[in-house]
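Structural description and commentary
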Amino acid sequence: MHFETRLTRMLGIRHPIVMGGLTFYGRAELASAVANAGGLGMLTALTAGSPDALAREIARCRTMTDQPFGVNLTLLPTITPVPYADYRRVIIESGVGVVETAGRAPTEHIEDFKAAGVKVIHKCASVRHALAAERIGVDVISIDGFECAGHPGEEDIGGLVLIPATADKVRIPIIASGGFADGRGLAAALALGADGINLGTRLCATKEAPSHPNIKQIYVDKDERSTNLIFRSLKNTARVVKNSVSDEIVDRLAKPGAEFSDVAELAAGVRGREALVTGDTEGGVIWGGQSMGLIHDIPTCDELITRIVREAGSRIDLLQDSRKSA
Ligand SMILES: Cc1cc2nc3c(=O)[nH]c(=O)nc-3n(C[C@H](O)[C@H](O)[C@H](O)COP(=O)(O)O)c2cc1C
């Protein structure tokens, strides 16, 4: 069985399940596994490291799947300038049909993507930003509730309100994101007015995730309480796995007058990356959301996506049956 929605039709995918942009994880192995399982796989442009390396990663992914996949282009305010125009050119020239933007509105990129026929999914964390993105012409909104790993914004609205509030206001298809990990979530998202779900944390605990087995296991062992919100005082809140490093970041930033420079060495991306490779669960910042409370195993992407779709179907059947007998 499968669900057909505006999203599956627009993107040509079998299931309304999308892989979020995942720093470190967004490489050909995981993206192609999600695509082969019928979801939308997603490479992460900045993880490739350069526009040329992204072109090679796209080509590598193509050798691993003939199904659609996209590229996440996270638009960050960084100290070292990122050659975004070159990344955009590579995405367009490679013929990838979908891009997920995040961080800020893709205002300066949208015209070129649209002219090339690339569908733009924009991920944001408020109805206001969703409406602004719709106005500039994005094709799909991915709306991230407060439960999510990564950047939930500063308004702290959980998915149960944020998703239908967005569906009420936005006319284009929406993807529910943040806290989704199983079929109950997919059924709920569709009931709330979304056209599909986005998976982040859940995919970090799959066989094809390119991280050390110790790291995959923390997503199974930890639960919904095991996250820290770091960088709150800097108005750049990020939800990450609770460990000694993220605890220390929270403590240091709680001191009056504390600045990013006080935690920069703890939060360094290279340190987090090293932890994912060596399996040192206390080695750096590790991204993860509240959906850790719903993760109990490390399946293949195919097992996971098949199970999510089957479970969503049986949940909906159950609800229908209970309605008849009431
Ligand atoms: C390991 C990891 C890395 C992430 N990296 C990015 C990123 O580079 N860009 C981005 O837009 N979102 C990133 N996110 C956020 C996800 O794309 C997604 O929005 C979020 O994980 C959804 O919430 P969930 O984790 O509850 O599924 C990351 C999330 C995780 C778990």
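Scroll up to find the structure this text is about.
Now for a quick tour of the structure. Since the structure is predicted, the reported quantities are computational estimates derived from the model, not experimental observations. Residue numbering note: each chain is counted from 1, following its sequence as written. Selection of residues for local features in this predicted model requires a pLDDT of at least 70, selection of side-chain atom pairs for listing and counting requires 80 or more, and totals for whole chains, interfaces and linings are taken over all residues. Only hydrogens and water are removed before side-chain values are computed, so all heavy atoms of the structure are retained for them.

**Thoughts on the packing of aromatic side chains**
Note on ring pairs: Phe, Tyr and Trp rings are taken, using the six-membered ring of Trp, and paired if centres are within 6.5 Å. Classes follow the plane angle, with under 30 degrees stacked, over 60 edge-to-face and the rest tilted. Tallied over the full model, the rule gives 2 aromatic pairs. Summarising the aromatic geometry, the rings of F24 and Y25 are spaced 5.4 Å apart at their centres and angled 85 degrees between planes, so their arrangement reads as edge-to-face. Both residues of the pair, F24 and Y25, belong to the buried class. Residues F231 and F260 carry aromatic rings whose centres are separated by 5.7 Å and whose planes lie at 65 degrees to one another, so their mutual orientation is edge-to-face. On the criterion of sequence distance, the pair formed by F231 in the loop between β9 (227-230) and β10 (238-241) and F260 in the loop between α12 (244-254) and α13 (264-267) is long-range, its members being 29 residues apart. Each residue's exposure class comes from its accessible area (1.4 Å probe, protein chains only) as a fraction of the maximum for that residue type: buried when under 20%, exposed when over 50%, partly exposed otherwise. Using a relative accessible area of 41% as the deciding quantity, one classes F260 as partly exposed. For R27, the ring lying beneath its charged end belongs to F24, and the centroid distance is 4.4 Å. The ring centre of F146 lies 4.7 Å from the NZ or CZ of R239, which sits over that ring. For the purposes of this entry, the term helix denotes a DSSP run of H or I that reaches at least four residues, the term strand denotes a run of E that reaches at least two, and both are numbered from the N terminus. Both a distance and an angle decide whether a charge sits over a ring: NZ of Lys or CZ of Arg must be within 6 Å of the ring centre and within 35 degrees of the ring normal.

**Some remarks on the site of the ligand**
Nearness is defined per residue: one heavy atom within 4 Å of the molecule or strand is enough. By nearness alone, 22 residues border the ligand, and G21, T23, K123, G179 and T201 come closest of all. In this structure, an oxygen atom belonging to the ligand sits 2.7 Å away from a main-chain N or O atom of G179. To be clear on the numbers: accessible area is Shrake-Rupley with a 1.4 Å probe, and residue cover counts the displayed protein chains and nothing else. Look at the ligand: alone it shows 610 Å² of surface, and the protein chains cover 94% of it. Any residue outside Ala, Val, Leu, Ile, Met, Phe, Trp, Tyr, Cys, Pro, Asp, Glu, Lys and Arg is labelled polar, Gly included; the first ten of those are nonpolar and the last four are charged. Classifying every residue of the shell around the ligand by side-chain character gives 8 nonpolar, 12 polar and 2 charged. Contacts described as polar in this section are N or O atom pairs within 3.5 Å, which, within protein, must combine one atom able to donate a hydrogen with one able to accept it, while residues neighboring in sequence count only if both atoms come from side chains.

**Here we look at the sheet that holds strand β8 (residues 196-199)**
Pairing between strands requires that DSSP locate at least two bridges from one strand to the other. Across the sheet, 8 strands lie side by side as β1-β8-β7-β6-β5-β4-β3-β2; this open sheet has parallel pairing. Looking along the sheet, the strands with just one partner apiece sit at the ends: β1 (17-19) and β2 (41-44). Strand-to-strand twist in this sheet, taken as the mean axis angle between neighbours without regard to direction, amounts to 30 degrees. Across 4 bridges, the pairing between strand β5 (residues 119-124) and strand β6 (residues 140-144) is parallel. Each bridged residue has a counterpart across the sheet, and for H122 the counterpart in β6 is I141. Whether two residues touch is decided by their heavy atoms; if any such pair falls within 4.5 Å, the residues are in contact. Lines fitted to C-alpha atoms define the axes, with helix axes restricted to the stretch in contact, and inter-axis angles between N-to-C directions lie between 0 and 180 degrees. The strands that helix α9 (residues 183-191) touches are β1, β7 (174-177) and β8; relative to β8, the one it contacts most, it runs at about 135 degrees.

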